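So you can see what is in the structure, the chains are spelled out below.
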Amino acid sequence: MLNLIQNENMKIYRRLRTWMLILLLIALTSTMLIIIHNERPALKDGNWKTEVQQQIVIVKKPLEEKIEIPEDMKVEIMDTVKENEYRLTNNVPPSDRSVWGGVLNVVNLVIIVTIFTVVIAADSVAGEFGGGTIKLLLIRPASRSKILLSKYISILIFSVFLLGVLFGSAFLLSGIIEGFKDIGISYIYTDNEHVIHQVNIVGHVLSTYGYKCVDLIMIVTMAFMLSTVFRSSSLAIGISLGFLFVGTGVVKLISRYSWSKYYLFTNTDLTQYLTNSPRVEGMTLLFSIAVLCAYFLLFNILSWTIFKKRDIAA
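Residues numbered from 1 in each chain as written. Predicted model: local features only at pLDDT ≥ 70, side-chain atom pairs only at ≥ 80, totals over all residues. Heavy atoms only, no water.

> An account of the nonpolar core is needed here, citing residue identities and associated values.
If you look at the biggest cluster of nonpolar residues, it comprises 62 residues, and the most contacted ones within it are Leu25, Leu166 and Tyr209. It is helix α9 (residues 201–229) that provides the largest number of residues to this core, a total of 13 residues. The next biggest cluster of nonpolar side chains, apart from the first, holds six residues, and it includes Trp48, Val52, Ile77 and Val81. (Core = buried A, V, L, I, M, F, W, Y, C linked by side-chain atoms within 4.5 Å. Buried < 20%, exposed > 50% of the residue type's maximum accessible area, 1.4 Å probe, protein only. Helix = DSSP H or I, 4+ residues; strand = E, 2+ residues; numbered from the N terminus.)

Structure follows, in structure tokens:
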């Protein structure tokens, strides 16, 4: 089994495409951090409290001038004001200028990691059929189940590796830009009940990336299943990316319906529970984990069943 996994890893890392994707991810991370740093105004005399006080004045201005704005935006403004006032009262500096703040700023690039991994996953099985190498692979003494499992494990390893590259490069580059200070700084957020919470930012960052890893694994598993079902890499990639963008895009549209809590993409982003802000009322972390486990089993059952019964002679 280990030899099979090693063989699949060699197929991934010996390709120029893989290293180009890794370099591109590092380049995107660097660009994003530099842009955020350059667009952020410098602190006057290094006093963060002055900046926070100015932010309170600027944010409250639309409310004081009675400008017509949506109700949800008003709530967001008031939450921001409450957070900033809490910082001043409790002497808690903003975390966005710390090394961990930079790591959190690039967490949205996990979508890039997902896209890159989907490309590899969708080509894993379908590429064997397209290149005609599937017959050479199946003449080995290993069973079809072991062959498919080795492919799946190698894809999961690659996805976690890419996520590690994102995290590591973000930490290093953010430290260079912002300085390796305030490692133990606090992170402040407001939940759905408008209650302010203060937590250690290290735990929050690790939890965020950990939950994003679950999201990544679910999408990759779906792409791997589609690669097994369809013999075309381009078709598997197209459908996977279509589900990724359209599937997540409709969550807000259907969130008012009670059945939407069983929808895959309502549950994939577990970071909603870090701030106690579930997308659908009544959802809990354990509920989302149960739903994800059900989809995970479904995707893998389809993959293994179809691959084991497929006629390779065609």
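Next, the rest of the story.
> Kindly report on helix α4 (residues 71–90), identifying the contributing residues and their values.
Between its first and last C-alpha, α4 extends 29 Å over 20 residues, near the 28 Å set by a 1.5 Å rise per residue. Among the residues making up α4, those that are buried are Ile77, Asp79, Val81, Glu83, Asn84 and Arg87. Downstream of α4 by one or two residues, asparagine 91 has phi in the positive range, about 55°. (Expected span 1.5 Å × (residues − 1).)

> Hey, could you go over the pairing of strand β2 (residues 196–200) for me, with residue numbers and the actual values?
Two strands pair when backbone bridges link them, and strand β1 (residues 186–190) and β2 are joined in this way by five bridges, in the antiparallel orientation. In the sheet register, serine 186 faces β2, and the bridge partner there is asparagine 200. (Pairing = 2+ DSSP bridges.)

> Kindly report on helix α13 (residues 285–309), identifying the contributing residues and their values.
Spanning 25 residues, α13 covers 36 Å between terminal C-alpha atoms, matching the ideal 36 Å at 1.5 Å per step. Ser288, Val291, Leu292, Phe299, Asn300, Ser303, Trp304 and Phe307 are the residues of α13 that are buried.

> Residues and numbers for the pattern of salt bridges, please.
If you walk through the whole model with that rule in mind, you get two salt bridges. Here aspartate 269 and lysine 212 are joined by a salt bridge, their closest N and O atoms 3.7 Å apart. Placement of the pair is aspartate 269 in the loop between α12 (264–267) and α13 and lysine 212 in helix α9, with a sequence separation of 57 residues. Here the two residues aspartate 269 and lysine 212 agree in accessibility, since each one is buried. Where aspartate 269 meets arginine 279, a salt bridge forms, and the shortest distance between an N and an O atom there is 3.2 Å. Placement of aspartate 269 in the loop between α12 and α13 and of arginine 279 in the loop between α12 and α13 is noted, with a sequence separation of 10 residues between them. Residue arginine 279 is classed as partly exposed on the basis of its relative accessible area of 36%. Through salt bridges that share partners, Lys212, Asp269 and Arg279 make up one connected network. (Salt bridge = Lys/Arg side-chain N within 4 Å of Asp/Glu carboxyl O.)

> How would you sum up the packing of α9 against α13? Please name residues and give values.
Taken N-terminus to C-terminus, the directions of α9 and α13 make an angle of 25°; their axes are 9 Å apart at the nearest point. As summarised for this structure, α9 and α13 are arranged roughly parallel, according to the angle between their axes. Between α9 and α13 lies a crossing of left-handed hand. Mapping the contact onto sequence places Tyr211, Val214, Ile217, Met218, Thr221, Met222, Phe224, Met225, Thr228 and Val229 in α9 and Leu285, Leu292, Tyr295, Phe296, Phe299, Asn300, Leu302, Ser303, Ile306 and Phe307 in α13. (Axes fitted to C-alpha atoms, helices over the stretch in contact; angles between N-to-C directions. Parallel < 35°, antiparallel > 145°, perpendicular 65-115°, else oblique. Left-handed = near helix turned anticlockwise from the far one by under 90°. Contact = heavy atoms within 4.5 Å.)

> Please give an account of the side chain of arginine 87 that cites residues and values.
Relative to the helices and strands, arginine 87 is located in helix α4. There is no salt bridge for the buried arginine 87, and the closest opposite charge comes from glutamate 83, which lies 4.9 Å off by N-O distance. Ignoring any residue separated from it by four or fewer positions in sequence, one finds arginine 87 in contact with Trp48, Val92, Pro93, Pro94, Ser95 and Ile188. (Lys, Arg positive; Asp, Glu negative; His and termini not counted.)

> So, the pairing of β1: which residues are in play, and what are the values?
Summarising burial for β1: five of the five residues are buried, a large majority. Judged by which residues are buried, β1 turns out to be covered on both faces: Ser186, Ile188 and Thr190 on one side and Tyr187 and Tyr189 on the other are all buried.

> So what's going on with the environment of serine 154? Residues and values would help.
Structurally, the position occupied by serine 154 is in helix α8 (residues 144–178). In sequence terms serine 154 and asparagine 9 are 145 residues apart; their C-alpha atoms lie 5.8 Å from each other. In this structure, serine 154 is in contact with Ile5, Glu8, Asn9 and Ile12, ignoring residues within four places of it in sequence.

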